[in-house]
Structures are given as structure tokens and as C-alpha cells.
Amino acid sequence: MRANSTAVWQDMDRQHHMHPFSDTQDLNARGTRIITKAEGIYIHSSEGEKLIDGMAGLWCVNIGYGRKELAKAAYDQMLELPYYNTFFQSSTPPTTELAARLPQIAPKGLNHVFFNNSGSEANDTIVKLVRLYWNTMGMSKKKTIIARDDSYHGSTLAAASLCGLTHMHPQFDLPLPGFAHIPAPYWYRDGGEMSPADYGMKTAAALEQKILELGADTVGAFIGEPIMGAGGVIMPPPGYWAEIQRICRKYDVLVIADEVICGFGRTGKWFGSDTYGIDPDFMTMAKGLSSGYMPISAVMLHDRVAGPLIEKAGEIAHGMTYSGHPVACAVALRNIEILDQEGIVERCGREIGPYFQVKLRESLADHPLVGEVRGIGLIAAIELAADRKTRRAHPAEKKVGYTCRSHATAGGLVMRAIHDTMVLSPPLVITKKEIDELVRRATAAVNATAKDLGVK
Ligand code: PXG
């Protein structure tokens, strides 16, 4: 460990570091938790705490911490060729190998890839490619992209415009023109007396209404996360994605699957699109692509859109210095090899994902403070409710989710609170014994919250 102490790091942080999605003044008053090392599913803080990382970092460390093979892949590549660009008629071996590897695991037809460094950049790239595609096809009015309320697609200007988490907009005069939103299929919160399937159909029908309202000749694409992550692990109701896809095809609207969270095994298959039968024109990959060991993202293009672009668009005037960075690509390749060879994705779908879902429900589904436990594979949400039957939430000012999160942290578990929805997304390599412990700690946090509220 480096020689500095917690107080010194916190002070340097306080004086100089502006954190993402943070109130700097408030954060400075409280001080940051300094994470110093990690192994498997555990992270360690500079104060000697050891916590189960129930969020796999930020939904990304799919193969868990401390995999030497990834460190070695980076080390070897840095010695061999630490950097070269993919502009000006150049490429590098790991870049080409990753470009060829991704179509082998992606849904059929997604045979072309454009590399970036983050999920936000990848979605910005898609926004530009959608515009370019319809310009190339001679339909220059067909540009609006429809996204959903509660969605998260990133922080850059276009990606933030896609987001349906509306608190992200007013500070920056967003969304930009050319973005529209429809309700999310958030049955638990908004579905009332309807069945989940009926509510799913209702929210899918909102897409058709929006397309007709805007005019199909002005709508270029629809974007959705197979399961909505940062919005609160919002699951697509049965039949939802099939209906969304039918509507998109009917009006010649491109389908974008944002797989930044669902990709690379999280739902028990390689992609959420595999789990829900989505046949996207564009796919966004990031996070699990390198298990978070290096910043890298990828846009996959289906032959349907790549064909005309390659044939007719000429030079695509878009790209980043680090598009296809050889070290990031070498690490991603090794990560995919490990996910594949160790059967981690398959195990998540067949064994460990179902085990996690059952254990979480057994322990919490009937808890007096819990309105619903939902999820698939190794992604889950626990809804904390004031009234389990009507699914009514506690008043926001009670900050029930934050209370529960604090109890979780104090009890050695990183569990995220999205309002009063507690979310979990642990590394896919978690063992059954570790799941038992994670569920025990999550349940203890919910119990402690119930005690604070006087709920019995
Ligand atoms: N799409 C989805 C579906 C995401 O979840 C992005 C795009 C953007 O990726 P980058 O790499 O630009 O961050 C994300 C990122 C949270 C949280 O609090 C979620 C994300 C990022 C930061 C925080 O749940 N998701």
C-alpha cells in the first residue's frame, strides 16, 4: 500500500478533485472513502474495511478483481506496442483480433465494430451513425431518436440527451433537439392495477403513438437497455421487447440495444438481447467488455446498417485518439477468453444466477418493508415500500433507500440505492457461499432500516 494516510488522501481529494454526479461541497464535508485494493468480490478501504462489492464496481467488474491474466495481457501489450492509432490506414494486432472476436459472441448479423473509450462515447457515436445512415439513405428528415424515461445512456451531450433521468437535463440546457422520450415499462412503480404484461403492452404502444405524433419520416431510431440498470433495474415485462421491435420495423425505425450493463453475461447469456430476443441494428458495449480493467467501449453495427454505410457514406469523419487502443483491446480479448473458457456466462445463466435470485427472494420477498424483489442472472432490485400491497413508496424526504444503503455499508456490503430501490449487480464469479453472505448482509441492512422506521 502507498504511504499516505486516509486523511491525507481525503484532503487532496477535497482540495482538488471534482467527482462525477456529486455535490462537491457536501462530499467535501463528509470526505471520500478511499478504496485501496480488491480481490475476487471484495474491496478494501484505506481504513481497513473489507466489503463485498455488490455492484461489481459500477456494474462492470464481471470477472471479479485481481485477475493476473488481465494484468499480464496489459503488461505484455505495453511492452510490445503500448499505443498506435487506428486512423490513417493503420491497425494493431489486438485491435483487429477483438474486432473479429466480438461478432462471434454478439447476436447474429452484428459483424462490424467501432471502438471508443466509454459507454457515453459509444452512444454518441451511435447518434452520429444514425444521422449518417439516414443521410446516406437520402432520408435526411429521419433523425429523432426515441428513448425512455428513467433510462441511462451516459453523460456526454448526446448521450445525456438520450437519458430519461430528467434531473440530468436542466443544468446543461438538455436535451438537445432531436431526442424524444416515452414512459419506461416500470410496472412496479407505475403499473397500478394492470398486469405486468398489460402494462408492458401499454408502454410499448406509447412508442407507436410517439412515432405517429412526430411522423415516422422524422424518427430515425429507438434506444433501450434490455434491462434498465441505473433507472432501478427495471425489467421488461413479458412480450415487451417483441412488441417494441415489431413497432420499430413497421415504421422503419432502427433499434439500438444499449448493452453497457446487460452485456457480457450479466443476465445469464452473453447479451440482454439474447435473453429477450432483441435483434438490434446497433449495440452499445462497454463496462463488462474489459470487466472494467481498462476503459474501452464498442459500437456493434448490423450488416443491415453497416452495408450501406460502407458502400455509400465515404469517409466517416468521426473517431478518437484511443479508438481501438491496443492495450485496452488486449485486455478485453483476454477478458472474453476467460468469460468463455471458464464458462462464467453459462454458469451465471444455469446455476449461480438462479441461485442468487432464489436466495434473495427467499430472504426478502415477504419482508414487511419489501414490495418486490426482481431480477435475472446476477442483476437484481429490492423495492422498499411503505405499503407492500399497493406498492406505495415512503415519502422521498424519509430517504429510506439512503438509510438502507448506509446500513449495508456499515455491515460490509456495497449495495446501491436508487431512490428506495436497492440494487445489486455482483461480479459474475461470485460463489454460492459468497451469495449466502451477500444475501445475509443485504437482509440485515433491510432489517435495520425496518427497525429505524418502526416497521414490524
Ligand atoms: N449506457 C448504460 C446502459 C449505462 O449504464 C452508460 C451507457 C455510459 O457509460 P460510461 O462508460 O460513459 O459511464 C452507462 C453507464 C449508476 C451508474 O450510478 C451507471 C453508469 C455509470 C455511472 C453510474 O448506476 N452506467
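Nothing here was measured: the structure is a model prediction, and the numbers come from that model.

Turning to helix H12 (residues 303–312), its buried residues are Val305, Ala306, Pro308 and Leu309. Of the surrounding secondary structure, the elements contacted by the buried residues of H12 are strand S4 (110–116), helix H6 (119–136), strand S8 (254–258), strand S9 (282–285) and strand S10 (297–302).

Quick look at the sheet that holds strand S11 (residues 370–376) now. Spatial ordering of the open sheet is given by S11-S12-S15-S14, a layout of 4 strands whose pairing is antiparallel. Looking at strand neighbours, the two that pair on one side only are S11 and strand S14 (416–418), the edges of this open sheet. On average, each strand axis in the sheet is inclined to that of its neighbour by 20°, with strand direction left out of account. Relative to strand S15 (residues 421–424), strand S12 (residues 379–384) is paired through 4 bridges, and the arrangement is antiparallel. Bridge pairing in S15 links Glu383 to Thr421. Strands S11, S12 and S15 of the sheet are contacted by helix H14 (residues 344–364), whose axis makes an angle of about 175° with S11.

Our next topic: the sheet that holds S4. Taken in spatial order, the 7 strands make up an open sheet running S4-S10-S9-S8-S7-S5-S6, and their pairing is mixed. Single-partner strands in this sheet number two, and they are S4 and strand S6 (179–182). On average, each strand axis in the sheet is inclined to that of its neighbour by 25°, with strand direction left out of account. Where strand S5 (residues 144–148) lies against S6, 4 bridges are found, and the strand directions are parallel. Across the sheet, residue Ile146 finds its bridge partner in S6, namely Ala180.

One can read the domain layout of the chain as domain 1 (33–66 + 343–453) and domain 2 (69–341). In this structure, domain 1 and domain 2 have C-alpha centres spaced 26 Å apart. Contact with domain 1, which involves 35 residues of that partner, is made by 35 residues of domain 2. Around 2700 Å² of area is buried between domain 1 and domain 2 when both sides are counted, 59% of it from carbon and sulfur atoms.

This part covers H6. With 18 residues, H6 should cover 26 Å at 1.5 Å per step; its first-to-last C-alpha distance of 25 Å lies within 8% of that length. Burial analysis of H6 places 13 of its 18 residues in the buried class, which makes it a mostly covered element. Directly after H6, the chain includes Gly138, whose backbone phi takes a positive value near 75°.

Where helix H5 (residues 93–105) contacts helix H13 (residues 326–341), the axes come no closer than 8 Å and their chain directions differ by 35°. In the crossing of H5 with H13, the sense of the turn from one axis to the other is left-handed. Contact residues: Pro94, Thr95, Glu97, Leu98, Arg101, Leu102 and Ile105 in H5; Pro326, Cys329, Ala330, Ala332, Leu333, Ile336 and Asp340 in H13. Across the contact of H5 with H13, the residue classes break down as 10 nonpolar, 1 polar and 3 charged.

Parameters at a glance
Residues numbered from 1 in each chain as written. Predicted model: local features only at pLDDT ≥ 70, side-chain atom pairs only at ≥ 80, totals over all residues. Heavy atoms only, no water. Buried < 20%, exposed > 50% of the residue type's maximum accessible area, 1.4 Å probe, protein only. Helix = DSSP H or I, 4+ residues; strand = E, 2+ residues; numbered from the N terminus. Contact = heavy atoms within 4.5 Å. Pairing = 2+ DSSP bridges. Axes fitted to C-alpha atoms, helices over the stretch in contact; angles between N-to-C directions. Domains from an automatic or database assignment. Buried area = accessible area lost by both parts, 1.4 Å probe. Expected span 1.5 Å × (residues − 1). Left-handed = near helix turned anticlockwise from the far one by under 90°. Nonpolar A, V, L, I, M, F, W, Y, C, P; charged D, E, K, R; others polar.

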